Amino acid sequence: YLTCAPIATPYTPPGHATHGFVAYDLERDMKVFVKDTWCVDLLGINREGETYKLLCEAGVRNIASYSTVGDIDDQQTVTHLYKDKLWACPTARKLVPHHHYQLMLDMIGDSLTKFSSIYEMLQCVLDALECTYFLNILIYSFLTLRAAGHEDTFNAGVLHCDISIRNILIVNG
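Residues numbered from 1 in each chain as written. Predicted model: local features only at pLDDT ≥ 70, side-chain atom pairs only at ≥ 80, totals over all residues. Heavy atoms only, no water.

Engineer: Describe helix 1 (residues 48–57), with residues and values.
Structural biologist: Listing the buried residues of helix 1 in full gives Glu48, Gly49, Thr51, Tyr52 and Leu55. For helix 1, the angular spread of the buried residues around the axis is 155 degrees, confining them to a single face. Exposed residues lying more than 90 degrees from the buried face of helix 1 are Lys53 and Glu57. Looking one or two residues beyond helix 1, the residue adopting positive phi is glycine 59, at roughly 75 degrees. (Buried < 20%, exposed > 50% of the residue type's maximum accessible area, 1.4 Å probe, protein only. Helix = DSSP H or I, 4+ residues; strand = E, 2+ residues; numbered from the N terminus. Arc of directions from axis to C-beta.)

Structure representation (C-alpha cells):
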C-alpha cells in the first residue's frame, strides 16, 4: 500500500487513536480506505475483521468489501501492566491492553458534512434511519455497512448503536 502521511487527529490517551486515510493498493491498482486504530485486546471482544466475516457469512446486503485486516506485529500497549506500580500516577480509569490494528476497505465515501444540497443530506439521514441505500453507516467511524444492510446486521447479531454525523457517509451521492 502506498500512502501519504495521515492527517493528525486529536490524541486521547485512554482512547483508540482511530484515524482513517486513503491509500493506494499497488497490487490491485485501486484506492482503498485505511482504518488505523488501537483496538481493545481482551478475550470476547471481536476485531472488526471478525465482524465483517460474520456479516458476510450471514448474507448481509451491501457491505463494503475489504482486502486486508489484522494486527500490526509487536505493537501493543503495556500501560495496564504498570498502573499499580509505586511510581505510576494514580488513575480512576481502568486501563486495558490495546493492539495496533488496520482494516483496508474497498469503498470510499464522503463525509455527511460535504453534502451538495439539503435534500442529499436529509436523504442520507433518512436512509440511515430507514435502512435503505446510497450510504454507509460506520461502526466507530469506519466499519462500513451500507444502510440497506443495517437491519441485516441486527439480524446477524450485530447492533449498531451510533448513527451520528461521524458515522454516515455519502456514497454515490
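Engineer: Pulling in residues and values, what's your account of the pairing of strand 5 (residues 98–105)?
Structural biologist: Within a regular beta strand, the side chains point alternately toward one face of the sheet and then the other, so they alternate between its two faces. Strand 5 sits mainly inside the fold: 8 of its 8 residues count as buried. The alternating pattern of strand 5 places His98, His100, Gln102 and Met104 and His99, Tyr101, Leu103 and Leu105 on opposite faces, both of which are buried. In this sheet, strand 5 lies alongside strand 3 (residues 30–40) in antiparallel orientation, the contact comprising 8 bridges. If you follow cysteine 39 over to strand 5, its bridge partner there is histidine 99. Here 6 bridges tie strand 4 (residues 66–76) to strand 5, and the two strands are oriented antiparallel to one another. Bridging from a neighbouring strand, glutamine 76 pairs with histidine 99 of strand 5. (Pairing = 2+ DSSP bridges.)

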